[in-house]
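Residue-level listing of the chains:
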Protein chains: 2
Amino acid sequence: MNSYIQHLACSNCDATYPHTEPQNVCHLCGKPLFARYSLDQLKDNWKPDDLHTRPNSFWRYKELLPIQNDEDIVSLGETVTPLLNVNRLGAQLGLDNLWIKDESRLPTGSFKARGLAMAVSKAKALGIDKLAIPSAGNAATALSVYAAKAGIPAYIFMPKDTPAFNQKTCELAGANVTLIDGLITDAGKIVANRKINKGWFDVSTLKEPYRVEGKKTMGFELAEQCCWELPDVIIYPTGGGTGIVGMWKGFKELERIGWISKKRPRFISVQSSGCAPIVKAWEDGKSDAEPWQDADTIASGLRVPQAIGDFLILDAIRESNGAAISVSDGEIVDAMKLLPTTEGLLTCPEGAATVAALQPLLTDGLIGPSEKIVLFNTGGFQA
Amino acid sequence: MNSYIQHLACSNCDATYPHTEPQNVCHLCGKPLFARYSLDQLKDNWKPDDLHTRPNSFWRYKELLPIQNDEDIVSLGETVTPLLNVNRLGAQLGLDNLWIKDESRLPTGSFKARGLAMAVSKAKALGIDKLAIPSAGNAATALSVYAAKAGIPAYIFMPKDTPAFNQKTCELAGANVTLIDGLITDAGKIVANRKINKGWFDVSTLKEPYRVEGKKTMGFELAEQCCWELPDVIIYPTGGGTGIVGMWKGFKELERIGWISKKRPRFISVQSSGCAPIVKAWEDGKSDAEPWQDADTIASGLRVPQAIGDFLILDAIRESNGAAISVSDGEIVDAMKLLPTTEGLLTCPEGAATVAALQPLLTDGLIGPSEKIVLFNTGGFQA
């Protein structure tokens, strides 16, 4: 027995769907589908000690992942990412217990590898033969290489000003790339409009049920690295927000199988002031976010004007007593220098945004000096 | 008890030196110094099973590393790099058992992290307060961030046409960068000329005794990943060649403590036809290499016209019954596409060079179809 997956269930209504055939969103209400597992059975059969002999990869959590047969796993070596103490940076800011989980160390240099490794593996298991994705950049790169590894054609739609690294890597991996005059949301509309005629399976985040299962492994790894006692605060750069949604889901699963207590970190979402729909919705007390107009930021991964999982992100922030905050591109640029000079850590702009948020969060009393705080650097520095 | 280091010994003559004070090359003959360990004592006290509870990092081999106190370790999370099966690529070439060790997954995206993590940790232990390096690019980036983490000023000298990624990262990390009109060998002369007046410690590879100790951990990891039975062939892109020298040294140490047999992989060194001093020396049957004139290649890491460890590289190639081969920049570019399309793996030009070498090596009978062959991808793709 490997995966304890049972079925897919709508995150909004009560509809359920078999996981043994391709699924996108709920047929009834159009909201994301979540994988559900036999957690009561798993609780009796799986213990943290069982992990000791597992590979150093998120595939070590296979009981809570949706892939049933090892031969369907499409892997490029998804090593567990390091959780690094950054107390010298912390000391400069008046924080005693500051950490960064460095996701740049995954294949393709970003956290997007988690979701796309999972989505492509499940696509392989289901015999899906064409994959299409709208992307702000790093997801396109990750899909391109995992699809290449699986031998499945990939169709990429992304803004024409997506970073050169993403454009070149998609081409190198042999993906079919279309650069568009617009943003990820516009790219998403193109995929939605053409997919039926073209026979593409849409792997847009949260319109596809398994990318979030990959993302939740950030939470599993963090929990294990913290000896199954979660930190006080997680500060997370938020574009599509699947990371927050995934970790929130993963923590609930870990509690249900008895591996962690009820204690949850407060989720603090960081966006760029040039594209901050989640921050605005949180400040306005809304449960959904309005599309952001004229989104513009140097952090390409944060240039997501509308996220299908907006209500899930906002739920996780509120249920966790978290917050949402925006930082300017100038503050992001400053943080991209502060982190390497103090800690030797090179980051993407999105990761640097979490560093930029620390001072205002401390000033506002949203984080405390002796709390255990974990930042997520979602990708590597690109010149 | 942690490290079993005893002293430093010249790789050429019989001179020995204490490791408890800063050392560069042998005072008598000018050749590289090697760290020597109490291997007989270690043989009785350390077994492979002891590794099971160690961190997933090259620091797991601390008995055979030169750092004596954990508090001197300067770490950015040096996770063990994955050894990836690439049998689809192998099948295209007629190779049954082909693997790539993907060094791009280390901090700063290259294998240079190994040597510089070790050199900076030892520098910290010895109280060295200024570090200078000539570099073709990736070593500069690695020194910059590890020095920043340690709080030691770094002085970088590299060609003015070094890739933008390297230039920008050194600046971000706050290093003192000088771009020169020349190659790494010219940069090395500047460091050599100025270091006494400036009070710089020279961390040029093999003029500093500990970078090679970091590099040998590639061999330790590979041996452990292969269950202590080494592959038939290692194909390695060779600039300064410290990787080959380090692995060769590491394998001897592992044999001395009884962890591996006498069996060694054949080392095959790959260079660019635009800069192939080791290949020429090997073909000419020389024990040292002549400086290469007008070195020019897109693989910046292979643009090393003269390596101080040339005689050690050539020794390892010959003792292992290996070979040396050059590939053209055009073949490197083709391989940079072949690997992502067949295996989803993005590489640096240097890593791609090892892929480009496979077909000619097979044609020449220098590798066999069913041999276990391991390529080293020494760094990540940069746009």
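As a starting point, this report considers the structure included with it. (Residues numbered from 1 in each chain as written. Chains lettered and ligands numbered in written order. Predicted model: local features only at pLDDT ≥ 70, side-chain atom pairs only at ≥ 80, totals over all residues. Heavy atoms only, no water.)

Bringing the interface of chain B and chain A into the picture now. Counting residues at the interface gives 39 residues for chain B, matched by 39 residues for chain A. Counting the surface lost from both chain B and chain A, the interface buries some 2900 Å², and carbon and sulfur atoms represent 60% of this. Our count for the contact surface shared by chain B and chain A stands at 2 salt bridges. In this structure, the salt-bridge partner of E343 of chain A is K149 of chain B, at a minimum N-O distance of 2.7 Å. Linking chain B to chain A there are 15 residue pairs in polar contact (both at pLDDT 80 or more). Among the elements of the structure, β4 (83–85), α4 (138–150), α5 (164–172) and α11 (329–343) of chain B are those that each provide at least two residues to the side of chain B that touches chain A. (Contact = heavy atoms within 4.5 Å. Buried area = accessible area lost by both parts, 1.4 Å probe. Salt bridge = Lys/Arg side-chain N within 4 Å of Asp/Glu carboxyl O. Polar contact = N/O pair within 3.5 Å; in protein donor to acceptor, adjacent residues only side chain to side chain. Helix = DSSP H or I, 4+ residues; strand = E, 2+ residues; numbered from the N terminus.)

Residue and element names in this part refer to chain B. Along the polypeptide, R114 turns up in helix α3 (residues 112–126). One polar contact links R114 to T217, side chain to side chain, over a distance of 3.0 Å. R114 has contacts with F58, T81, K101, E103, L106, G214, K215, T217, M218 and E221, leaving out every residue within four places of it along the chain.

Turning our attention to the environment of N97 of chain A. Residue and element names in this part refer to chain A. One can find N97 in strand β5 (residues 97–102). On the basis of relative accessibility, which here comes to 24%, the residue N97 falls in the partly exposed class. Taking the C-alpha atoms as reference points, N97 and F311, 214 residues apart in sequence, are found 31 Å from one another. Beyond its immediate sequence surroundings of up to four residues, N97 is in contact with N87, P369, S370, E371, K372 and I373. (Buried < 20%, exposed > 50% of the residue type's maximum accessible area, 1.4 Å probe, protein only.)

Moving on to the packing of aromatic side chains. Residue and element names in this part refer to chain A. The final tally for this structure, using the stated rule, is 22 aromatic pairs over all chains. Ring geometry for W46 against W259: centres 4.4 Å apart, planes inclined by 40 degrees, an arrangement best described as tilted. A residue pair is termed long-range when its members are at least 10 positions apart, and W46 in the loop between α1 (39–45) and β4 (83–85) and W259 in the loop between α8 (242–256) and β11 (266–272) qualify at 213 residues. For W259, a relative accessible area of 7% gives the class buried. For the ring pair Y155 and W200, a centre distance of 5.1 Å and an interplane angle of 25 degrees mean the geometry is stacked. Linking Y155 in strand β7 (residues 154–159) with W200 in the loop between α6 (184–198) and β9 (201–202), this pair joins segments that are 45 residues apart in sequence. (Phe/Tyr/Trp six-rings, centres within 6.5 Å; stacked < 30°, edge-to-face > 60°.)

Here we take up the relation of the copies chain B and chain A. Mapping chain B onto chain A is achieved by rotating through 180 degrees and translating by 0.0 Å along the same axis, at an RMSD of 0.0 Å. Put plainly, the chains are arranged around a two-fold axis. No C-alpha of chain B lies nearer the rotation axis than that of R105 of chain B, which sits 2.6 Å from it. The fraction of interface residues of chain B whose copies in chain A are also interface residues reaches 100%, indicating that both copies meet through the same surface. (Least-squares fit on C-alpha atoms with pLDDT ≥ 70 in both.)

The next thing to look at is the pattern of salt bridges. In this structure the tally under the stated criterion is 38 salt bridges over all chains. For the salt bridge of E371 of chain A with R266 of chain A, the shortest nitrogen-to-oxygen distance reads 2.8 Å. With a gap of 105 residues between them, E371 of chain A in the loop between α13 (358–363) and β13 (372–377) and R266 of chain A in strand β11 connect regions that are remote in the sequence. When sorted by exposure, E371 of chain A lands in the same class as R266 of chain A, which is buried. Across the pair K195 of chain B and D202 of chain B runs a salt bridge whose closest N-O atoms are separated by 3.2 Å. Relative accessible area serves as the criterion here: at 0%, D202 of chain B is assigned to the buried category. Salt bridges sharing common partners tie together K101, E103, R114 and E221 of chain A.

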